[in-house]
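Now for the letters of each chain:
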Amino acid sequence: MRVLNVAEKPSVAKAVANILSRNQGLRMREGRSRYNKLFEFNYSIRGQHCQMVVTSVIGHLMELEFEDRFCKWHSCDPAHLYQAPVRKFVPEDKLDIKRTLEEEARKCQWLVLWLDCDREGENIAF
């Protein structure tokens with residue numbers, strides 16, 4: 001079984017991998033983004049052997065934007081923004097991170113998120 005672990009930032013991914021692997025058999029490889037390495041090691045969860053893959057995002061992977069007609073300060077009544085449609089997308093500079101996550105997730109059976117316990121961490125998870 002393969003388990004994909006995704007941290008909120010690269011330093012946390014490295015720390016999680018070092019701690020869980022006990023620095024034994026830890027391998028590192030490059031992902032599509034030069035800033036987000038992949039750490040791999042063998043692990044046991046409740047007696048079941050698994051291969052752990054640990055990587056990260058860099059903060060929010062996705063962004064939200066209003067449609068153009070709502071983006072200028074005086075273009076509408078602010079109350080309309082509560083009902084205005086938003087566009088969710090991955091910005092160009094984070095597409096490599098998205099692709100790495102997609103490729104790795106296809107090979108894994110479990111997903112573990114290592115996020116800060118705050119609103120930002122919750123938003124990253126969704």
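Just above, that's the structure.
Here's what I pulled together on the structure shown here. Every value quoted in this text rests on a predicted model; they were computed, and no experiment measured them.

## Description of the overall build of the chain
Phase 1 of the analysis: Looking only at helices and strands, the chain features 3 helices and 7 strands.
Phase 2 of the analysis: Listing the helices and strands of the chain from first to last along the sequence gives β-α-β-β-β-β-β-α-β-α.
Phase 3 of the analysis: A globule of 126 residues ought to have a C-alpha radius of gyration of about 14 Å, yet the chain, at 18 Å, is considerably larger.
Phase 4 of the analysis: The 126 residues of the chain split such that 33% are buried.
Phase 5 of the analysis: For the chain, long-range pairs separated by at least 24 residues make up 64% of all intrachain contacts whose partners lie at least 6 apart in sequence.

## A look at the packing of aromatic side chains
Phase 1 of the analysis: Within this structure, the stated rule accounts for 2 aromatic pairs.
Phase 2 of the analysis: Ring plane angle 85 degrees and centroid distance 6.1 Å describe the contact between Phe41 and Tyr43, whose orientation is recorded as edge-to-face.
Phase 3 of the analysis: Among the residues examined, Phe41 registers a relative accessible area of 0% and is labelled buried.
Phase 4 of the analysis: On the basis of relative accessibility, which here comes to 29%, the residue Tyr43 falls in the partly exposed class.
Phase 5 of the analysis: Look at Phe66 and Phe70: their rings are 6.5 Å apart centre to centre, the planes differ by 55 degrees, and that puts the pair in the tilted class.
Phase 6 of the analysis: On the accessibility criterion, Phe70 (12% relative accessible area) is buried.
Phase 7 of the analysis: Across from the ring centre of Phe89, 4.2 Å away, lies the NZ or CZ of Arg87, which sits over that ring.

## A closer look at unusual backbone geometry
With the exception of glycine, most residues fall at negative phi, and the peptide bonds are largely trans.
Phase 1 of the analysis: Residues other than glycine seldom take positive phi values, yet Arg22 does so here, at roughly 55 degrees.
Phase 2 of the analysis: With respect to the helices, strands and loops of the structure, Arg22 is situated in the loop between α1 (10-21) and β2 (27-29).
Phase 3 of the analysis: A relative accessible area of 68% means that Arg22 is categorised as exposed.

## Here's the deal with the nonpolar core
Phase 1 of the analysis: Listed in full, the 11 residues of the largest apolar core are Leu4, Val6, Leu38, Val53, Val57, Leu61, Val90, Leu95, Ile97, Leu101 and Cys108.
Phase 2 of the analysis: Of all elements in the fold, only β1 (2-7) and α2 (95-106) reach the threshold of two or more residues within this core.
Phase 3 of the analysis: Top element by residues in this core is α2. It accounts for 3 residues.
Phase 4 of the analysis: If sequence neighbours within four positions are ignored, Cys108 has contacts with Arg2, Val3 and Leu4.

Conventions adopted
Residues numbered from 1 in each chain as written. Predicted model: local features only at pLDDT ≥ 70, side-chain atom pairs only at ≥ 80, totals over all residues. Heavy atoms only, no water. Helix = DSSP H or I, 4+ residues; strand = E, 2+ residues; numbered from the N terminus. Rg over C-alpha atoms; globule rule 2.2 N^0.38 Å. Buried < 20%, exposed > 50% of the residue type's maximum accessible area, 1.4 Å probe, protein only. Contact = heavy atoms within 4.5 Å. Phe/Tyr/Trp six-rings, centres within 6.5 Å; stacked < 30°, edge-to-face > 60°. Lys NZ or Arg CZ within 6 Å of the ring centre and 35° of its normal. Core = buried A, V, L, I, M, F, W, Y, C linked by side-chain atoms within 4.5 Å.

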